[in-house]
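What follows is each chain in one-letter form.
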Amino acid sequence: MNKTARYTILALISVIMCMSTWAQERMTFLDWGVMGSDTLCPVYSEAVPLESDYRHNSYSVSLEFPIWEELNEAETVLAKRYSQEIKEYIDIDSYVSISRGEGVLNYSFVPIIRQDGKYRKLTCAKVVINANPLPAESRAQSKQRYAQQSVLA
């Protein structure tokens, strides 16, 4: 196989890998038709399966490219009722849990903000999940703590 053929194959593999990574970063669309305007304060939540080495990372969730719309009258009445929970920014709560032995990242947020005295609802955004490697000493401490507190150890 000559150099040109090798470079072509490497380029194709790179493109395929980039496409698979791109597919994982998707836009999230919120269906406001499902959330009734006469119910509780709306909360968006999702559970995302994590890779097998999830214990070695801490995770953060953020939103990119948000698209906002103003609330209609009924939604504004609801938003005013829950104004203490609605901030000028999206506050994302997240935590890692274990389901059937697999790591799961759970996150949730109120998809409404208050900006310039008006309420706006999130209709679409890109959810970005960042895995930040834990320092090796932190991992060693968690293993030691487990060994000290475990009934099986």
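Look a little higher up for the structure.
Structural notes, computed from the coordinates. Bear in mind that the values here come from a model prediction, so they are computed numbers and not experimental data. (Residues numbered from 1 in each chain as written. Predicted model: local features only at pLDDT ≥ 70, side-chain atom pairs only at ≥ 80, totals over all residues. Heavy atoms only, no water.)

1. Section: the overall build of the chain
Then comes step 1: When helices and strands are tallied, the chain shows three helices and seven strands.
Then comes step 2: The burial tally for the chain puts 27% of its 153 residues in the buried class.
Then comes step 3: A separation threshold of at least 6 residues defines the contact pool for the chain, and within that pool the share at least 24 residues apart is 77%.
Then comes step 4: For the chain, the exposed surface amounts to about 11,100 Å²; the carbon and sulfur share of it is 55%. (Helix = DSSP H or I, 4+ residues; strand = E, 2+ residues; numbered from the N terminus. Buried < 20%, exposed > 50% of the residue type's maximum accessible area, 1.4 Å probe, protein only. Contact = heavy atoms within 4.5 Å. Areas by Shrake-Rupley, 256 points an atom, 1.4 Å probe, with all protein chains shown as cover.)

2. Re the nonpolar core
Then comes step 1: Within the largest apolar cluster, 25 residues are counted, with the highest numbers of intra-cluster contacts made by Ile86, Tyr107, Phe109, Ile112 and Tyr119.
Then comes step 2: Elements with a minimum of two residues in this core: strand S2 (44–49), strand S3 (57–70), helix H2 (73–81), strand S5 (102–109), strand S6 (112–115) and strand S7 (118–133).
Then comes step 3: Top contributing element to this core by residue count: S7, with four residues.
Then comes step 4: Apart from the residues within four sequence positions on either side, Phe109 is in contact with Val43, Tyr44, Leu63, Ile90, Asp91, Ile92 and Leu122. (Core = buried A, V, L, I, M, F, W, Y, C linked by side-chain atoms within 4.5 Å.)

3. Description of a nonpolar patch on the surface
Then comes step 1: A surface patch of nonpolar side chains, about 370 Å² in accessible area, is lined by Met27, Phe29 and Phe65.
Then comes step 2: Note that Phe29 resides in strand S1 (residues 27–29).
Then comes step 3: We classify Phe29 as exposed; its relative accessible area is 63%. (Patch = residues over 30% accessible without salt bridge, like charges linked within 9 Å, V, L, I, M, F, W, Y side chains within 5 Å. Salt bridge = Lys/Arg side-chain N within 4 Å of Asp/Glu carboxyl O.)

4. A few points about the sheet that holds S5
Then comes step 1: Taking strand neighbours across the sheet as the criterion, the three strands line up as S2-S5-S4 in an open arrangement whose pairing is antiparallel. What marks the edges here is a single partner per strand, and that holds for S2 and strand S4 (93–99). Looking at each pair of strands side by side, their axes are set apart by 20° on average, direction ignored. (Pairing = 2+ DSSP bridges. Axes fitted to C-alpha atoms, helices over the stretch in contact; angles between N-to-C directions.)

5. What about the pattern of salt bridges?
Then comes step 1: Per the stated rule, a full pass over the model turns up five salt bridges.
Then comes step 2: Here Lys87 and Asp91 are joined by a salt bridge, their closest N and O atoms 3.0 Å apart.
Then comes step 3: The class for Lys87 is partly exposed, based on a relative accessible area of 28%.
Then comes step 4: Because the salt bridges share partners, they merge into one network encompassing Glu70, Lys118 and Arg120.

6. Some words on the pairing of S5
Then comes step 1: The element S5 is extensively covered by neighbouring structure, given that six of its eight residues are classed as buried.
Then comes step 2: As paired strands, S2 and S5 are joined by six bridges and run antiparallel to one another. Directly across from Val48, in S5, lies its bridge partner Leu105.
Then comes step 3: Bridge analysis of S4 against S5 gives seven bridges, and the strand direction is antiparallel.

7. Notes on the packing of aromatic side chains
Then comes step 1: The tally for this structure, following the rule as stated, stands at two aromatic pairs.
Then comes step 2: An angle of 45° between the planes, with centres 6.5 Å apart, marks the rings of Tyr44 and Tyr107 as tilted. A residue pair is termed long-range when its members are at least 10 positions apart, and Tyr44 in strand S2 and Tyr107 in strand S5 qualify at 63 residues. Of the two residues, Tyr44 and Tyr107, neither departs from the other in class, the shared state being buried.
Then comes step 3: Taking 5.3 Å as the distance between ring centres and 40° as the angle between the ring planes, the aromatic pair formed by Tyr44 and Phe109 counts as tilted. Separated by 65 residues along the polypeptide, Tyr44 in strand S2 and Phe109 in strand S5 bring together distant segments of the chain. Of the two residues examined, Tyr44 and Phe109, each falls in the buried class.
Then comes step 4: A connected cluster of aromatic rings, assembled from ring pairs, spans Tyr44, Tyr107 and Phe109. (Phe/Tyr/Trp six-rings, centres within 6.5 Å; stacked < 30°, edge-to-face > 60°.)

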